[in-house]
Amino acid sequence: MRKVADCRQFPSESNCTLTISGEEEEVVRAATEHACSVHGHSDSPELREQVRSTLTDEVPQHA
């Protein structure tokens, strides 16, 4: 099942609205890169696990 990472779930100074969806490993990688480049986090195993723990299942549009 596809996964979703949505920045709107977390408060940020930039009021980020980015949503990333895809296979779990793709989303973890992309969301981690985004968290580092845009939000100033440092890439670490802990950050990747935190990202992974916030993923939700994608709801099919026809549902």
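It should be noted that the structure appears before, not after, this text.
Along each chain, residue indices are assigned from 1 in the same order as the chain's sequence is written. Selection of residues for local features in this predicted model requires a pLDDT of at least 70, selection of side-chain atom pairs for listing and counting requires 80 or more, and totals for whole chains, interfaces and linings are taken over all residues. Excluded from the side-chain calculation are hydrogens and water; included are all heavy atoms of the structure.

*Asks:* What is the right way to read the overall build of the protein chain from this model?
*Replies:* Helix and strand counts for the protein chain come out as 2 helices and 3 strands. Put simply, DSSP marks the helices as runs of H or I at least four residues long and the strands as runs of E at least two long, and each gets a number from the N terminus on. For the protein chain, the N- to C-terminal ordering of α and β elements is β-β-α-α-β. Across its three principal directions, the C-alpha atoms of the protein chain cover 35 × 25 × 15 Å. A burial count over the protein chain gives 27% of its 63 residues as buried. Two residues form a contact once any of their heavy atoms are found within 4.5 Å. Long-range contacts, defined here as pairs at least 24 residues apart, represent 41% of the contacts in the protein chain between residues at least 6 apart. For every accessible area listed, the method is Shrake-Rupley and the probe measures 1.4 Å; residues are considered covered only by the protein chains on display. Element-wise, carbon and sulfur atoms account for 49% of the exposed surface of the protein chain, whose accessible area totals about 4,600 Å². Distance between charge centroids for the protein chain: 3 Å, based on 6 positive and 12 negative side chains. To sort residues, take the accessible area from a 1.4 Å probe on protein chains only and compare it with the maximum for the residue type: under 20% means buried, over 50% means exposed, and anything in between is partly exposed. Here Asp and Glu are counted as negative and Lys and Arg as positive; His is not counted, and neither are the chain ends. Where a charge lies is defined by one atom per residue type: Lys uses NZ, Arg uses CZ, Asp uses CG and Glu uses CD.

*Asks:* Whenever I open this one, the pattern of salt bridges confuses me. Can you help?
*Replies:* Side-chain pairs of opposite charge can arise whenever the charged atoms involved come near each other. By salt bridge we mean one thing: a side-chain nitrogen of Lys or Arg within 4 Å of a carboxyl oxygen of Asp or Glu. What the rule picks out here adds up to 7 salt bridges. A salt bridge links Arg 2 to Glu 58, with the nearest nitrogen and oxygen atoms 2.6 Å apart. Residue Arg 2 is found in the segment before β1 (3–6), and its partner Glu 58 is found in the segment after β3 (56–57); the two are separated by 56 residues along the sequence. In this structure Glu 58 comes out as partly exposed when scored by relative accessible area, which is 26%. For Asp 57, the salt bridge goes to Lys 3, with nearest N and O atoms at 2.4 Å. Remark: Lys 3 occurs in strand β1 and Asp 57 occurs in strand β3; sequence separation between them is 54 residues. Its relative accessible area of 18% is what places Lys 3 among the buried residues.

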